[in-house]
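Examining the three-dimensional arrangement
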Amino acid sequence: MTFEYDVIVVGAGHAGCEAAAASANLGCKTLLITLDLTKIASMSCNPAIGGIAKGQIVREIDALGGYTGIVTDRTSIQFRMLNQSKGPAMWSPRSQCDKTQFSLVWRSILESLPNLYMWQDSVDGLIVENGEVHGVHTKENVNFKAKAVIITAGTFLNGLIHIGNVNFEGGRMADSSTGGINTQLCKLGVRIDRMKTGTPVRIDGRTINFSKTTEQPSEDNGYHFSYMPISNKELKQLPCYITYTNQEVHKILRDSLPDSPLFNGTIKSKGPRYCPSIETKIVNFEDKDRHQLFLEPEGTQTVEYYLNGFSSSLPLNVQFDAIKKIDGLEDAFIYRPGYAIEYDYFDPTQLESSLESKVVKSLFMAGQVNGTTGYEEAAGQGLIAGINAARKVNGLDPLILRRDEAYIGVLIDDLVTKGVDEPYRMFTSRAEYRILLRQDNADERLTPIGRAIGLVNDERMSHYELKQKHKSIIKDFLSWKKVTPESSADFLERKGTDKLQFSHRLDQILLRPQITIFDLVDEFPDLKSKVDKIPHSLRNEVLDSVEIDIKYSGYINREKQAAEKLNRLEYINLRGRFNYKELNALSFEAREKLTKIDPVNISQARRIPGVSPADISILLVLLGH
């Protein structure tokens with residue numbers, strides 16, 4: 001049997017869901033194929049979305065018209081805005097989610113999209129003719145034809161699970177791994193390697209002594225992920241709890257290192273440096289007496305808890321013995337041990353910035369198969385892959401987000417330009433323009449782009465325009481409203497800042513570090529009357545954005561100028577202009593790297609590790625610049 005679609009998405013994890021939704025919403029007849037329809041967007045590891053830089057990615061997905069932010073808000077059971085003690089470029093939203101509801105809400109959204117169809121099966125091969133993909137073949141012996149295919153298989157390609165000296169095939173615990181696609185692609189010239197990730201034990205909350213832990217409640221601050229007016233308080237808000245390892249725990253783990261697959265040579269692939277196993281922590285940080293752990297609820301209708309910070313692949317009995325020595329877990333009953341998983345990934349330098357393969361035309365890849373780790377990084381890639389697969393089908397140029405436009409742009413550029421030698425995780429430090437890439441302004445950066453490509457609907461655009469209207473009103477008022485030394489004296493004294501010598505505008509007073517925009521709203525009734533006209537769901541967004549724009553205008557303008565200067569290099573095309581192997585004026589490493597990556601333009605070339613400023617200067621001279 002053969003069926004025909006415009007776009008096929010293989011895998012219904014976080015990347016696959018965003019890819020399928022984007023493709024369908026852009027008018028393509030889309031098929032989403034997954035091993036198990038009951039585990040769509042499963043939170044295989046931590047039941048949380050967001051965090052440092054990851055939260056910014058989710059807000060960007062939402063601003064472009066994706067769904068991860070909406071699903072997160074609707075299933076949130078604890079929300080926190082991280083790093084508020086630091087500058088606004090570092091603010092990062094994070095939410096614990098109800099694991100079961102997260103998957104159900106995602107499925108309900110996918111089933112509501114007119115152009116989207118789903119099929120439960122395993123893809124064991126691609127239909128490739130003359131170097132271009134034309135569909136997939138499944139284990140149930142069905143051929144699905146398509147004009148573009150997106151692979152978002154996560155950790156399922158040749159997945160191998162490790163618990164001590166026990167190992168078995170699996171894409172995650174209780175789910176089979178898949179093969180066929182990777183073997184076929186390898187024969188076609190796609191470079192494949194192995195990576196490793198892991199997850200902690202799951203604990204029965206009824207057996208935890210929470211009195212010996214520190215409660216971490218949800219923040220009732222009015223923030224949420226989606227820019228749409230959707231409450232993140234549909235579900236009961238639950239606390240997390242903090243506890244710590246100790247020297248007794250460390251001794252048990254240290255004595256068992258010879259039985260650890262990570263240290264006895266069983267696992268040879270590279271794991272995530274920034275999310276290490278507990279056994280790696282005690283080896284790399286042997287001077288530390290303890291490590292912080294978080295007990296995080298998996299949902300409102302379960303007593304299951306996730307022990308964040310205790311990822312492990314040690315033998316079952318070792319994990320059990322060590323956990324029993326942790327405060328609050330002395331009587332803990334464990335649902336499931338932690339484990340490590342090795343899996344295949346594809347070299348991302350063989351991808352275009354659109355996430356289309358350079359080796360097989362019309363084949364796109366997104367998520368952990370590109371060497372990344374994390375739901376958020378996967379979802380961001382999935383959204384772009386879905387957009388670009390649909391645009392290719394419709395004969396349109398791909399959407400490429402620049403590094404100064406989005407963390408998603410930084411993520412994809414890092415992957416396709418630099419490659420990976422360990423699971424890639426996004427951090428704010430990876431973005432050279434992070435003052436521009438804040439979580440509060442993702443809609444200003446990306447919603448107009450989403451609208452231009454047809455992914456942002458009328459409702460979202462109207463909501464965006466309403467926010468911009470109120471923001472403009474508040475900024476205009478602050479820019480002309482003046483206060484005198486006499487009328488402001490008491491207010492400034494209460495705030496611990498110097499009195500005025502002459503009249504100042506309110507935006508000038510807001511520049512003072514002791515003053516917030518909320519202070520001004522409380523103090524000046526005419527400003528408050530304008531703020532009261534802002535819909536409640538928009539109020540924090542508008543006021544935060546206005547304050548950041550004013551307080552950090554100098555830094556923002558400086559980064560914009562730097563970005564604009566470098567963006568001029570985007571227009572100096574390179575691809576197809578040189579045979580780099582013949583350019584003896586370049587360093588040997590530059591010739592090798594430029595040949596491998598084949599950069600599109602000078603801007604991408606300058607970001608390739610091993611290509612020096614001197615090499616770039618030579619290329620510019622050869623190009624006549």
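Residues numbered from 1 in each chain as written. Predicted model: local features only at pLDDT ≥ 70, side-chain atom pairs only at ≥ 80, totals over all residues. Heavy atoms only, no water.

A few points about the pattern of salt bridges
To keep it simple, the criterion reads: Salt bridges, as used here, are contacts in which a Lys or Arg side-chain nitrogen is within 4 Å of a carboxyl oxygen on Asp or Glu. Where helices and strands are cited, they refer to DSSP runs of H or I of at least four residues and of E of at least two residues respectively, numbered from the N terminus. Under the scheme applied here, a residue whose accessible area is under 20% of the maximum for its type counts as buried, over 50% as exposed, and between as partly exposed, the area being computed with a 1.4 Å probe on protein chains only.
In total, this model carries 45 salt bridges according to the counting rule given. The partner of E541 in a salt bridge is K467, with the nearest N and O atoms 3.7 Å apart. Residue E541 is found in helix α17 (residues 536-551), and its partner K467 is found in helix α12 (residues 458-480); the two are separated by 74 residues along the sequence. Using a relative accessible area of 10% as the deciding quantity, one classes E541 as buried. By relative accessible area, K467 is classed as buried at 2%. Measuring nitrogen to oxygen at the nearest pair gives 3.0 Å for the salt bridge that ties K481 to D526. Pair noted here: K481 is in the loop between α12 and β21 (482-483) and D526 is in helix α16 (residues 525-531), with a separation of 45 residues, a long-range link. Salt bridges linked by common partners bring R403, D413, D414, K418, E432 and R607 together as one network.

Focus on the sheet that holds strand β18 (residues 334-336)
This is how it is decided: Strand pairing is assigned whenever DSSP identifies at least 2 bridges connecting the two strands. Note on method: axes are straight lines fitted to C-alpha atoms, helices fitted across the in-contact stretch only, with angles between N-to-C directions ranging 0 to 180 degrees.
Spatially, the 6 strands line up as an open sheet ordered β14-β15-β16-β17-β13-β18, and their pairing is antiparallel. A single partner strand is all that each edge strand has here, and the edge strands are β14 (214-216) and β18. On average, each strand axis in the sheet is inclined to that of its neighbour by 35°, with strand direction left out of account.

Overview of the nonpolar core
How we decide: What is meant by a nonpolar core is a set of buried Ala, Val, Leu, Ile, Met, Phe, Trp, Tyr and Cys residues, joined one to another through side-chain atoms within 4.5 Å. Should any heavy atoms of two residues lie within 4.5 Å, those residues are counted as being in contact.
By size, the foremost hydrophobic cluster in this structure holds 110 residues, and its most contacted members are I8 and L185. Ignoring anything within four residues of it in the chain, the contact list for L185 reads L126, I151, V190, F346, V360, L363 and M365. Counting residues in each nonpolar core, the second largest holds 23 residues, with L478, I509, L510 and L543 among its members.

Focus: the side chain of D347
Examined against the element boundaries, D347 turns out to sit in the loop between β19 (339-346) and β20 (363-365). Judged by its relative accessible area of 14%, D347 falls in the buried class. Non-local contacts of D347, meaning those with residues more than four positions away in its chain, are made with R191 and K596.

Focus: empty space enclosed by the protein
In plain terms, the rule: Method remark: on a 1 Å grid restricted to protein atoms, a set of points is classed as a cavity if a 1.4 Å probe fits but cannot get out and as a pocket if it is open with protein on both sides within 12 Å along at least five of seven lines; lining residues have an atom within 4 Å of a point. Grid points are joined across faces, edges and corners, and a volume is the space filled by probe spheres set on the points. In this count, Pro and Cys sit with the nonpolar residues alongside Ala, Val, Leu, Ile, Met, Phe, Trp and Tyr, while Asp, Glu, Lys and Arg are called charged and the others, Gly among them, polar.
One pass over the full model with this rule turns up 2 cavities of 30 Å³ or more. Here the largest cavity defines a volume of roughly 60 Å³. Around the largest cavity sit Y227, M228, D443, T447, R460, H463, Y464 and K467, which together line it. Looking at the lining of the largest cavity, the elements with two or more residues in it are α11 (442-453) and α12. Per-element tally for the lining of the largest cavity: the top contributor is α12, with 4 residues. Partitioned by chemical class, the residues of the lining of the largest cavity number 3 nonpolar, 2 polar and 3 charged. Its boundaries defined by the atoms lining it, the second largest cavity holds a volume of some 40 Å³. R59, Y223, Q439, D440, N540, E541 and D544 are the residues that line the second largest cavity. Looking at the lining of the second largest cavity, its residues break down into 1 nonpolar, 2 polar and 4 charged.

Considering the state of the cysteines
Let me state the cut-off plainly: Note on terminology: pairs of cysteine sulfur atoms within 2.5 Å are recorded as disulfides.
A complete count under the given rule lists 0 disulfides for this structure. We note that C97 lacks a disulfide partner, and the nearest cysteine sulfur, in C240, lies 11 Å from it.

Quick notes on the packing of aromatic side chains
Spelled out, the test is: Between the rings of Phe, Tyr and Trp (Trp by its six-membered ring), a pair exists once the centres lie within 6.5 Å; its type follows the angle of the planes, with under 30 degrees stacked, over 60 edge-to-face, and the other angles tilted. By definition, being over a ring means that NZ of Lys or CZ of Arg is both within 6 Å of the ring centre and within 35 degrees of the ring normal.
All chains considered together, the criterion is met by 13 aromatic pairs. Arranged with centres 5.8 Å apart and planes meeting at 75°, the rings of F491 and F524 form a pair that is edge-to-face. With F491 in helix α13 (residues 485-494) and F524 in the loop between α15 (517-523) and α16, this residue pair connects regions lying 33 residues apart in the sequence. With a relative accessible area of 10%, F524 lands in the buried category. Three or more aromatic residues joined by ring pairs form one cluster here, namely F3, Y5, Y117, W119 and F144. Its end group placed over the ring of Y5, K29 keeps NZ or CZ at 4.9 Å from the ring centre. Here the basic side chain of R290 rests over the ring of Y244, its NZ or CZ set 3.6 Å away from the ring centre.

Description of the side chain of N46
When you line up the elements, N46 lands in the loop between β2 (30-34) and β3 (48-50). Sequence-distant contacts of N46, defined by excluding residues within four places in its chain, comprise R94, Q96, E296, Y306, N308 and Y375.

Focus on α11
To keep it simple, the criterion reads: Expected helix span is computed as 1.5 Å times (number of residues minus one). Summarising the geometry, the arc corresponds to the directions from the helix axis toward the C-beta atoms.
Taking 1.5 Å per residue, 12 residues should reach 16 Å; α11 reaches 16 Å between its end C-alpha atoms and fits that length. Of all the positions in α11, only A442, D443, R445, L446, T447, I449, G450 and I453 are classed as buried. On an axial view of α11, the arc spanned by its buried residues comes to 165°, and they lie on one face. Elements that come into contact with the buried residues of α11 comprise α2 (54-64), α9 (375-393) and α12. Within two residues after α11, G454 carries a phi angle of roughly 95°, on the positive side.

Quick look at the layout of surface pockets
In this model, the second largest pocket occupies a volume close to 780 Å³. Lining the second largest pocket we find 30 residues, and of these S353, I400, R402, E570 and N601 sit closest to its centre. Every element with two or more residues in the lining of the second largest pocket is listed here: α10 (407-418), α18 (553-567) and α20 (602-606). Residue composition of the lining of the second largest pocket, by class: 10 nonpolar, 8 polar and 12 charged.

Observations concerning the sheet that holds strand β4 (residues 76-82)
Pairing between the strands of a sheet is mediated by backbone hydrogen bonds and can be parallel or antiparallel. If you walk across this open sheet you meet the 3 strands as β3-β5-β4, and the pairing is antiparallel. Looking at the sheet topology across the chains shown, the edges are occupied by β3 and β4. When the angles between neighbouring strand axes are averaged without regard to direction, this sheet yields 15°. Note that β4 and strand β5 (residues 92-97) share 6 bridges and pair antiparallel. Counterpart to M81 in the pairing with β5 is P93.

Considerations on the packing of helix α1 (residues 14-25) against α9
Counted only if it meets this: What sets the label is the angle itself: under 35 degrees gives roughly parallel, over 145 gives roughly antiparallel, 65 to 115 gives roughly perpendicular, and the rest give oblique. By definition, any crossing whose near helix is turned counterclockwise from its far helix by less than a right angle is left-handed, and any crossing with a clockwise turn is right-handed.
The contact between α1 and α9 brings their axes to 7 Å, and the two run at 30°. Looking at the two axes, α1 sits roughly parallel to α9. In this structure, the crossing between α1 and α9 has a hand that is right-handed. When α1 is examined against α9, the residues H14, A15, E18, A19, A22 and S23 are found in contact with a partner set consisting of Y375, A378, A379, G382, L383, G386, I387 and A390. Its residues assigned to classes, the contact of α1 with α9 comprises 9 nonpolar, 4 polar and 1 charged.

Topic: the packing of α2 against α9
The angle between the axes and the distance between the axes are what describe a pair of packed helices. Relative orientation of the contacting elements α2 and α9 amounts to 25°, with a least axis distance of 9 Å. Considered as vectors, α2 and α9 are oriented roughly parallel to each other. The handedness of the crossing between α2 and α9 is left-handed. Counting all contacts with α2, which are made through K54, I57, V58, I61 and L64, the residues of α9 involved are E376, E377, A379, G380 and L383. Of the residues belonging to the contact of α2 with α9, the class tally is 6 nonpolar, 1 polar and 3 charged.

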